[in-house]
Amino acid sequence: MDDLENAILISFESGPVEPSLKSQAVSYCQQAKESPDVFRICIQKLWFCKLVQVQFWCLQTLQDVLKVNYGSMSSEERGFVRSSVFSMACLEGVDGNESVVRVVEGPVFVKNKLAQVLVTLIYFEYPLVWSSVFVDFMGHLSKGGVVIDMFCRVLNGLDDELISLDYPRSPEEIAVAARVKDAMRQQCVPQIARAWYDIVLLYRNSDPDLCATVLDCMRRFVSWIDINLVANEAFVPLLFELILSEGLADQVRGAAAGCVLATVAKRMEPHSKLPLLKNLQISRVFGLVSEDVDSELVSEVSALVTGYAVEVLECHKRLNSEETKAVSMDLLNEVLPSVFYVMRNCEVDSTFSIVQFLMGYVSTLKGLPALKEKQLLHITQILEVIRIQICYDPMYRNNLDSLDKIGLEEEDRMSEFRKDLFVLLRTVGRVAPEVTQLFIRNALASAVESSSERNVEEVEAALSLLYSLGESMTEEAMKSGSGCLSELIPMLLTTKFPGHSHRLVALVYLENITRYMKFIQEHSQYIPNVLGAFLDERGLHHQNVHVSRRAYYLFMRVVKLLKSKLVPYIDKILQNLQDTLSQLTSMNFASREHSGTEDGSHIFEAIGLIIGLEDVPAEKQSDYLSLLLTPLCQQIENGLMEAKVASSENFPAKIAKIQFAIVAINALSKGFSERLVTASRPRIGHMFKQTLDMLLRLLIEFPKVEPLRSKVISLIHRMVETLGPSVLPYLPRALEQLLADSEQPKEMVGFLVLLNQLICKFSTSLSCILEEVYPVVAERIYGLIPKDGKSSPSPSRSEAITEDTRELIELQRTFYTFLHVMATHDLSSVFLTPKCMPHLEEMMPLLLNTCCTHKDITVRKACVQIFIRLIEDWCPKPNTEEKLPGFQDYMINTFATNCCFFSVLDKSFDFNDANTQGLLSEIIKAQKVMYEKYGNTFLMHFMSGVFPSAHCPQDLAEQYCQKLQGNDTGGLKLCYQSLIKNLRLQPNGSHVFR
């Protein structure tokens with residue numbers, strides 16, 4: 001053993017080796033690689049060294065040398081490498097020479113590397129330099145399995161490294177692949193195909209491994225060679241004989257199936273493909289798919305069957321003649337039962353999309369006038385495939401019931417997986433509605449009667465099918481109960497489903513009832529069944545808290561739809577809910593896990609919707625409301641007292657208790673209309689006013705508890721809608737307290753949103769309150785937001801927007817909305833009152849800068865609209881005293897100049913943007929209003945001051961003047977836009993705002 005061999009062994013050693021020694025060995029090997037004669041050293045060692053590590057290193061080095069240095073090698077050096085490597089692969093010159101090593105008899109990794117070296121030579125030399133490589137190789141196949149195996153490895157390597165499109169290829173590799181394939185087609189592919197046939201025939205029984213290797217090699221080449229070399233009278237019978245021979249090894253039978261699949265999948269014109277598919281007589285293998293589903297053979301045959309079905313369907317889609325349509329449909333009808341069996345029972349090949357194929361098949365049935373018996377049978381089988389596919393795995397049953405981490409992940413996975421299957425179901429439902437509904441009815445009936453271990457999953461799947469079907473049904477079909485629906489819904493309501501204690505079954509059951517409420521609205525005899533489902537252990541009293549909380553929300557939706565039809569059942573409903581309400585108002589809020597949309601408040605909204613109806617007698621209505629409000633108010637009173645003395649650890653739980661009661665009252669009040677509580681039944685209004693009065697105390701007792709404050713504000717919002725104008729006496733105290741505690745941007749946003757609602761609701765009735773509130777609001781906000789009206793101090797693009805900055809941006813937007821709401825609800829006079837007028841000095845420049853420069857076009861538009869209303873409200877008729885001295889001059893000299901002209905002239909004003917066009921319309925309206933109010937004073941300012949400063953041509957200015965004085969606002973807008981575009985072409989196109 002020489003130094004190089006020692007170094008190679010050490011560098012390959014995976015066990016404990018001294019790092020310095022290994023480093024030296026690797027360095028020595030690298031030096032050897034860089035030697036000009038390294039390829040001769042490698043060839044020498046490949047012939048005479050038996051160490052596989054050395055053999056592998058030498059082959060790897062040869063491949064690297066060829067890839068990097070092929071262009072600089074002499075023809076003699078290339079020829080030496082070529083002849084040496086080829087001789088090794090074909091066992092040339094080794095007969096009788098015991099000292100020569102047979103590399104092709106080495107381990108798999110050495111043989112594969114030898115094949116890669118040959119492929120590298122073919123890459124550079126075939127067919128121009130080494131045109132006979134494949135023909136020469138085939139001359140040695142008679143030497144037996146070792147050479148045949150190497151020949152297949154070379155062909156497979158050629159596919160992997162160059163030809164196959166399963167891997168990304170460079171343009172150069174694609175060009176070389178085309179060159180190699182073209183040359184092989186002309187020179188040797190027929191001989192190679194003949195060799196495949198002869199080898200398979202010879203070795204089918206004696207060497208199944210070799211036979212399978214050859215068939216796999218052939219499968220790779222079918223896609224680009226002449227199809228007649230494989231799909232002929234010799235090869236096809238042989239392949240099917242191999243597939244159907246029970247005595248043969250499964251690997252050979254499976255490999256033969258792979259070849260047939262490659263033949264089936266070969267890209268061809270449909271008019272040529274269809275006869276090929278028909279002549280294959282694929283039905284011969286259908287029986288094999290029902291054998292051991294875990295075997296490799298069944299997997300391969302299943303892939304063949306599904307692949308064949310895909311190709312037949314594709315032919316059916318692309319061929320138009322009646323004859324070819326009939327042939328392809330016959331072939332489809334023949335293969336579909338086996339396809340359905342595979343879908344139901346076997347591991348489907350990853351390249352086959354069940355949903356895509358079935359969707360394609362169903363789409364072929366859409367245009368048919370009527371479905372035949374066989375097609376209706378196929379529809380039923382498709383539905384059965386869907387049902388099986390959507391079933392949960394029983395192994396996750398407990399996880400899904402408790403909804404732990406594993407259960408949550410599985411539910412998310414299945415939810416995503418089911419989406420396409422449910423789309424398919426709805427498509428099938430449109431093509432064959434009666435068959436689909438009948439199938440679901442039978443699936444439900446079967447699931448109810450089943451005693452199998454999969455009972456929970458089967459019931460859930462059947463109910464999920466029914467739920468999904470509802471998405472595709474029209475409202476009219478649902479109301480009338482078309483098809484089997486008139487049988488399905490009563491069955492749903494009157495059947496005690498097994499597994500109802502499981503979360504999945506209970507949830508989908510309640511979701512179904514909610515989905516099909518249109519039917520129940522028309523068939524009120526089933527209302528007691530609906531109430532029973534929600535009020536007993538199947539719904540609100542379900543043992544699983546996830547179900548009971550979801551039931552609260554769904555019951556509220558049911559109540560919204562049924563409303564007055566539930567009046568006769570009010571006593572029964574309240575009686576059944578008594579323990580639920582008691583539980584909700586006495587729960588341990590410190591350990592509550594469920595919040596958000598399913599926090600229990602929906603049950604109060606549902607009750608409010610029922611008892612808030614005018615159909616309920618007045619006295620009973622008061623009693624019902626008192627029965628509900630009294631414990632909630634008591635809960636707030638008790639919580640208030642407990643919170644005052646609670647430790648810091650217990651304080652959040654006490655506050656949460658109060659919060660829930662406020663949310664419940666809020667939800668309860670949604671069922672009562674303003675007319676009912678203020679006009680027809682003022683006693684109800686009085687009860688809500690008392691409750692509001694009590695709740696406002698919370699703002700005084702706990703002014704800095706943000707969660708509590710937000711809930712009280714939310715309740716005030718609700719009381720504004722419920723009590724109407726009768727809430728006004730309560731507002732001064734509420735707003736005063738809220739404003740006193742609104743120091744941060746987020747708090748001010750909440751306060752302004754409330755003010756906006758109040759203004760929209762009560763308009764000028766709020767003017768006195770606003771005269772007191774606005775100065776405080778203005779002073780506080782002008783101290784927080786940027787004075788220039790830009791979209792708040794924004795960080796550079798590389799910096800993330802902080803929460804503080806985001807809150808300031810939101811405050812700024814809400815403040816502009818507030819000013820806009822005041823101006824557009826006849827409250828602009830508030831700005832001119834003695835207490836508010838001092839803040840005009842800050843408001844006017846802020847609005848002007850925002851009109852001109854704010855990044856958000858919609859905000860700029862709103863601010864222009866504010867100015868328009870101010871002009872209309874504050875500018876008197878001619879020859880009368882101004883409401884605000886100097887306002888006219890400000891609007892003409894400052895607003896009109898900067899906003900109406902120079903901000904539009906700026907190139908950032910994009911006329912192609914829809915929002916910007918909306919802003920331009922408002923700017924044009926502002927000019928029209930100023931002309932109407934100020935007359936020639938405004939017009940002369942534009943004509944003699946603004947336009948000349950921008951070097952506006954006289955003809956354009958005169959056109960604008962004419963349009964402004966006319967009644968065509970659209971024409972004025974087009975004229976002004978054209979004028980601005982012309983001015984932008986001049987050097988003054990980006991004017992600095994004044």
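All values reported here derive from a predicted model rather than from experimental measurement.

Conventions used here
For every chain, the first residue of the written sequence is number 1, and numbering continues from 1 along that sequence. Under the rules for a predicted model, residues below a pLDDT of 70 receive no local features and side-chain atom pairs below 80 are neither given nor counted, while totals for whole chains, interfaces and linings still include all residues. To get the side-chain values, all heavy atoms of the structure are used, and hydrogens and water are removed first. Going along the chain from the N terminus, every DSSP run of H or I of four or more residues is numbered as a helix, and every run of E of two or more is numbered as a strand. Only C-alpha atoms enter the radius of gyration, while the globule expectation follows 2.2 Å times N to the 0.38, with N the number of residues. With a 1.4 Å probe rolled over the protein chains alone, any residue whose accessible area is under 20% of its type maximum counts as buried; one over 50% counts as exposed, and the rest are partly exposed. In this description, contact between two residues means that some pair of their heavy atoms is separated by no more than 4.5 Å. For this count, His and the chain ends are skipped, Lys and Arg are scored as positive, and Asp and Glu as negative. By convention, charge coordinates are those of NZ in Lys, CZ in Arg, CG in Asp, or CD in Glu. Across the chain, each position has a pLDDT score giving the predictor's confidence in that residue, from 0 to 100. The span you would expect from a helix comes to 1.5 Å times its residue count less one. A carboxyl oxygen of Asp or Glu within 4 Å of a side-chain nitrogen of Lys or Arg is what we treat as a salt bridge. Each patch is built from residues lacking any salt bridge and having more than 30% relative accessible area; the joining distance is 9 Å for like charges and 5 Å for nonpolar side chains (Val, Leu, Ile, Met, Phe, Trp, Tyr). All accessible-area figures derive from a Shrake-Rupley calculation using a 1.4 Å probe, and residue coverage is judged against the displayed protein chains alone. Stacked, tilted and edge-to-face are the three classes applied to pairs of Phe, Tyr and Trp rings, where Trp contributes its six-membered ring and a pair requires centres within 6.5 Å; stacked means planes under 30 degrees apart, edge-to-face means over 60, and tilted covers the rest. Think of it as a cone above the ring: NZ of Lys or CZ of Arg counts as a charge over the ring if it is within 6 Å of the ring centre and within 35 degrees of the ring normal. We call a set of buried residues a nonpolar core when its members are Ala, Val, Leu, Ile, Met, Phe, Trp, Tyr or Cys and they connect through side-chain atoms within 4.5 Å of each other. Structural elements are reduced to axes, namely lines fitted to C-alpha atoms, with helices fitted over the stretch in contact, and the angle between N-to-C directions of any two is expressed from 0 to 180 degrees. Any angle between 65 and 115 degrees counts as roughly perpendicular, while under 35 counts as roughly parallel, over 145 as roughly antiparallel, and the rest as oblique. Amino acids are sorted into nonpolar (Ala, Val, Leu, Ile, Met, Phe, Trp, Tyr, Cys and Pro), charged (Asp, Glu, Lys and Arg) and polar (every other residue, Gly among them).

## As for the overall build of the protein
The helix and strand inventory of the protein stands at 46 helices and zero strands. Computed over the C-alpha atoms, the radius of gyration of the protein is 42 Å, more than 25% above the 30 Å expected from 2.2 N^0.38 for a compact globule of 994 residues. Taken over the C-alpha atoms alone, the protein extends approximately 125 × 85 × 75 Å along its principal axes. Within the span of the protein, comprising 994 residues, buried residues form 53% of the whole. Of the contacts formed within the protein by residues at least 6 apart in sequence, a portion of 73% connects residues at least 24 apart. Separation of charge centres in the protein, based on 97 positive and 120 negative side chains, amounts to 5 Å.

## Topic: the confidence of the model for the protein
Per-residue confidence for the protein gives a mean pLDDT of 91; residues scoring 70 or more make up 95%. Every residue in residues 591-598 is under pLDDT 50, and counting partners more than four places away or in other chains gives 11 contacts. Every residue in residues 791-795 scores below 50 in pLDDT, and together they form 15 contacts with partners more than four places removed in sequence or on other chains.

## Thoughts on helix 6 (residues 108-125)
Over its 18 residues, helix 6 extends 26 Å from the first C-alpha to the last, a length consistent with the 26 Å expected when each residue adds 1.5 Å. Summarising burial for helix 6: 13 of the 18 residues are buried, a large majority.

## Digging into the pattern of salt bridges
Going through the model one piece at a time under the given rule, you end up with 50 salt bridges. Across the pair Glu 772 and Lys 835 runs a salt bridge, and its minimum N-O distance is 2.8 Å. Placement of the pair is Glu 772 in helix 38 (residues 767-782) and Lys 835 in the loop between helix 39 (803-824) and helix 40 (840-853), with a sequence separation of 63 residues. Look at Lys 835 and you get partly exposed, because its relative accessible area is 48%. Its salt-bridge partner being Arg 813, residue Asp 856 comes within 2.3 Å of it at the nearest N-O pair. Of this pair, Asp 856 sits in the loop between helix 40 and helix 41 (857-874) while Arg 813 sits in helix 39; the two residues are 43 residues apart in sequence, bridging distant segments of the chain.

## Here's the deal with the environment of Glu 476
Mapped onto the elements, Glu 476 comes out in helix 23 (residues 475-480). Separated by 43 residues in the primary sequence, Glu 476 and Phe 519 have C-alpha atoms spaced 9.1 Å apart.

## Some thoughts on helix 3 (residues 38-48)
Looking only at helix 3, the buried set comprises Val 38, Phe 39, Cys 42, Ile 43, Lys 45, Leu 46 and Trp 47. Buried positions along helix 3 lie against helix 1 (3-12), helix 2 (19-33), helix 4 (52-69) and helix 5 (75-90).

## What about a negative patch on the surface?
A cluster of acidic residues, Glu 246, Glu 291, Asp 292 and Asp 294, forms a negative patch on the protein surface. Of the residues examined, Asp 294 reaches a relative accessible area of 70% and is grouped as exposed.

## Considering the packing of aromatic side chains
This structure, assessed with the given rule, holds 33 aromatic pairs. Ring geometry for Phe 672 and Phe 688: centres 5.3 Å apart, planes at 70 degrees, overall edge-to-face. Residue Phe 672 is found in the loop between helix 32 (651-669) and helix 33 (674-680), and its partner Phe 688 is found in helix 34 (residues 682-701); the two are separated by 16 residues along the sequence. Each member of the pair Phe 672 and Phe 688 is classed as buried. With a centroid separation of 5.2 Å and an interplanar angle of 70 degrees, the aromatic rings of Tyr 774 and Phe 831 are classed as edge-to-face. With Tyr 774 in helix 38 and Phe 831 in the loop between helix 39 and helix 40, this residue pair connects regions lying 57 residues apart in the sequence. Among the residues examined, Phe 831 registers a relative accessible area of 1% and is labelled buried. Taken together through their ring pairs, the aromatic side chains of Phe 901, Phe 902, Phe 938, Phe 942, Phe 947, Tyr 960 and Tyr 976 make up a single cluster. Over the ring of Tyr 70 we find Arg 78; its NZ or CZ atom is 4.2 Å from the centre of that ring.

## Digging into the environment of Leu 261
With respect to the helices and strands, the residue Leu 261 is situated in helix 13 (residues 250-265). Counting along the chain gives 391 residues from Leu 261 to Pro 652, while the straight-line C-alpha distance between them is 68 Å. Residues within four places of Leu 261 in sequence aside, it is in contact with Ala 303, Leu 304 and Gly 307.

## Points about the nonpolar core
In terms of nonpolar packing, the biggest core is built from 363 residues, with Met 184 and Phe 901 touching the most fellow members. When residues of this core are assigned to their parent elements, the largest contribution, 11 residues, is made by helix 42 (residues 887-905). In contact with Phe 901, not counting residues within four places along its chain, are Ala 896, Phe 942, Val 946, Phe 947, Ala 950, Tyr 976, Leu 979, Ile 980 and Leu 983.

## Structural notes on the side chain of Ser 601
The topology assignment puts Ser 601 in helix 30 (residues 601-611). For Ser 601, a relative accessible area of 10% corresponds to the buried category. Excluding residues that lie within four positions of it along the chain, Ser 601 makes contacts with Phe 660, Val 663 and Ala 667.

## Focus: the packing of helix 31 (residues 618-645) against helix 34
Interhelical geometry of helix 31 versus helix 34 gives an angle of 10 degrees and a closest axis separation of 11 Å. Relative to helix 34, the element helix 31 lies roughly parallel. Contacts from Gln 621, Ser 622, Leu 625, Ser 626, Leu 629, Cys 633, Ile 636, Glu 637, Leu 640 and Lys 644 in helix 31 reach Arg 683, Ile 684, Met 687, Phe 688, Thr 691, Met 694, Leu 695, Arg 697, Leu 698 and Glu 701 in helix 34. For the contact of helix 31 with helix 34, the per-class residue count stands at 11 nonpolar, four polar and five charged.

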